[in-house]
Amino acid sequence: MAAAPRRVARDSGLLAIGSVLNGLLAYVFFATVTRALGAETAAPVSVLWAYWSFAAAALAFPLQHWAARSVTATGGEHGVRRSLPAVAAAVLTLSPVVGLLAWLGRDSLFHRGDAWFPILVVLATVGSALTGLVRGMLQARERFGAVATALVMENLIRCVVSLVLAASGNHHPGAYGLALVAGYVTGLIWPWALRMTFQGDDHESPLALLGGASGGQLLGQVALTGGPVLLALAGGGPAEVTVLFAGLALFRAPYTLAIGMVAQLTARFTTLVVERQSATLDRLRTRLVVAAVVLAALAAPVGAWVGRPILPLVFGDDVEMSGRLCAVLAAASTLAIASLVVTLLLIALDRTGGQVRAWALAAVPGAAYFALGSVPVLDRTCWAFLVVEAAALAWMTVEVTRGTARLQAA
């Protein structure tokens, strides 16, 4: 009996270390890019990094936690195995479509007329799907040490390639975009992860859950990382785009840590659902919301204090942001962590459609503020981020309450 708590503690420690190193390496990568290219020239790499976040949200994260949830809920891997052809077809259909859209909007998004970055968008889409599925099967088999290693290796490869480029004097932004995509080769390190058994109940419809999770998480990631893209499309200058990206990268550090550490929660939440422990789920929901509000209130002054001097120190002297906007980004990023955990509750409850509804409803006040606000476009982008995160957390909490009520009544 004592071995189980020790194993949980060991796995938690490995995930924490892997997540911290993953976050630090992400900073090293982007700091290398901005220092090698300068804020303006690095703008297309910033937008590609933002798209990488979208692809991770729409493909990697849902595939990872769908696989873990499906194996726990059905008692085997057959449901995931049965869905692989359809998942592969969807990804291979989506990738060229997204690449075409990126090519059509290349001037506004990347401030370039060539096909470099649209091609990289296609590669990032396929790479995100592969990475998510491999991590999901590792997670489902409780190979959390391998999950932690995968987290580290992805950004380590990016750092090594970008540092080599910088040391060799390469100033082509496309080369640094290729360094970003190179991180996906980590999905090939564990090919056995995709060899699945035929055991398990296949009466569930995992693709329905996966579709909802993908849509909801994509909308959430648009709010979390889409600021640079929105700012670029709204007329913000390349330097402003890079500054906002750097600010988001800094204050998303705890969120980046959380993404790796929540790998153990999916199976635990799913077990509570299978055992119909609705009261426990309700307590988790309430404690999570209270903690989110308190921590967001504390994060704002801390963000204002540390953000302003740290941004130019890490990303270069031309990357500066006011203390007021640093506070806004810090509070919003804290709420995003709570939304991440609530998302796993919704996945466990098989209510990913509610996740989509929550983010769609949250976008309404955020869009209204962005459209009607009279402050500069950079300020409007930051404040809209906070408005959307707060509204989304509120609506997702409502969806969890509905899910536990239905679980109790069943």
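Nothing here was measured: the structure is a model prediction, and the numbers come from that model. (Residues numbered from 1 in each chain as written. Predicted model: local features only at pLDDT ≥ 70, side-chain atom pairs only at ≥ 80, totals over all residues. Heavy atoms only, no water.)

A tally of helices and strands in the protein chain yields 16 helices and zero strands. Over its C-alpha trace the protein chain gives a radius of gyration of 21 Å, about what one expects of a compact globule, namely 22 Å for 410 residues. By principal-axis analysis of the C-alpha atoms, the protein chain measures approximately 55 × 40 × 40 Å. If you take every contact in the protein chain between residues at least 6 apart in sequence, the share linking residues at least 24 apart comes to 83%. A total accessible area of about 16700 Å² is found for the protein chain, and carbon and sulfur atoms account for 69% of it. Across the protein chain, the mean location of the 27 positive side-chain charges is 7 Å away from that of the 20 negative side-chain charges. (Helix = DSSP H or I, 4+ residues; strand = E, 2+ residues; numbered from the N terminus. Rg over C-alpha atoms; globule rule 2.2 N^0.38 Å. Contact = heavy atoms within 4.5 Å. Areas by Shrake-Rupley, 256 points an atom, 1.4 Å probe, with all protein chains shown as cover. Lys, Arg positive; Asp, Glu negative; His and termini not counted. Charge placed at Lys NZ, Arg CZ, Asp CG, Glu CD.)

Further remarks concern empty space enclosed by the protein. Considering all chains together, one arrives at two cavities of 30 Å³ or more under this definition. Taken together, 33 residues form the lining of the largest cavity, with Asn22, Trp52, Ala56, Thr256 and Ile259 sitting closest to its centre. Put simply, the parts of the chain that give the lining of the largest cavity at least two residues each are α1 (3-37), α2 (43-74), α5 (116-140), α6 (144-167), α8 (206-225), α10 (238-251) and α11 (253-261). Here the lining of the largest cavity takes eight residues from α2, the largest share from any one element. Residue composition of the lining of the largest cavity, by class: 16 nonpolar, 13 polar and four charged. (1 Å grid on protein atoms, 1.4 Å probe; cavity = no way out; pocket = protein on both sides within 12 Å on 5 of 7 lines; lining within 4 Å. Points joined across faces, edges and corners; volume = space filled by probe spheres on them. Nonpolar A, V, L, I, M, F, W, Y, C, P; charged D, E, K, R; others polar.)

Under the 1.5 Å per step criterion, the end-to-end length of helix α13 (residues 278-315) is only 46 Å for 38 residues, more than 12% shorter than the ideal 56 Å. Among all positions of α13, only Ser278, Leu281, Arg285, Leu288, Ala292, Ala296, Ala299, Gly303, Gly307, Leu311, Pro312 and Phe315 are buried. Remark: Gly316 follows α13 within two positions and exhibits a positive phi of approximately 120 degrees. (Expected span 1.5 Å × (residues − 1). Buried < 20%, exposed > 50% of the residue type's maximum accessible area, 1.4 Å probe, protein only.)

The subject of this paragraph is the packing of α2 against helix α3 (residues 78-104). Angle between the axes and distance between the axes: these two values describe a pair of packed helices. Running from amino to carboxyl end, α2 crosses α3 at an angle of 175 degrees, the nearest separation of the two axes being 13 Å. With respect to α3, the axis of α2 lies roughly antiparallel. In contact with Tyr51, Leu59, Leu63, Trp66, Ala67, Ser70 and Val71 of α2, α3 contributes Val80, Ser83, Val87, Val91 and Val98. By residue class, the composition of the contact of α2 with α3 is ten nonpolar, two polar and no charged. (Axes fitted to C-alpha atoms, helices over the stretch in contact; angles between N-to-C directions. Parallel < 35°, antiparallel > 145°, perpendicular 65-115°, else oblique.)

As a further point, take the side chain of Asp379. Mapping Asp379 onto the fold places it in helix α16 (residues 377-409). Within the local environment of Asp379, its side chain forms a polar contact with the side chain of Arg324, the two groups lying 2.6 Å apart. When near neighbours in sequence (up to four residues on either side) are disregarded, Asp379 contacts Arg324 and Leu325. (Polar contact = N/O pair within 3.5 Å; in protein donor to acceptor, adjacent residues only side chain to side chain.)

Moving on, we come to the confidence of the model for the protein chain. Per-residue confidence for the protein chain gives a mean pLDDT of 87; residues scoring 70 or more make up 96%. Within the protein chain, α8 has the poorest average pLDDT of any element, 80, and helix α14 (residues 323-348) the best, 94. (pLDDT = per-residue confidence, 0-100.)

The next thing to look at is the nonpolar core. In this structure, Trp66, Leu244, Phe315, Met321 and Leu329 are the most contacted members of the largest nonpolar core, which totals 128 residues. It is α14 that provides the largest number of residues to this core, a total of 18 residues. Once residues lying within four places of it in the same chain are set aside, the contact partners of Leu244 are Gly227, Pro228, Leu231, Met321, Leu329, Leu378, Thr381 and Cys382. (Core = buried A, V, L, I, M, F, W, Y, C linked by side-chain atoms within 4.5 Å.)

At a minimum axis distance of 8 Å, the contact between helix α12 (residues 265-274) and α13 shows a crossing angle of 140 degrees. Here α12 lies oblique to α13, going by the angle between them. From α12, Phe269, Leu272 and Val273 reach across to α13, where they touch Thr280, Leu281 and Leu284. Here the contact of α12 with α13 is composed, by residue class, of five nonpolar, one polar and no charged.

Right, let's talk about α12 for a bit. All of the buried residues along α12 are Thr266, Phe269, Thr270, Leu272 and Val273. Taken down its axis, α12 places every buried residue within 155 degrees of arc, on the same side. Buried-residue contacts for α12 involve α2, α5, α13, α14 and α16. Where α12 terminates, the next one or two residues include Arg276, which has phi positive at roughly 60 degrees. (Arc of directions from axis to C-beta.)

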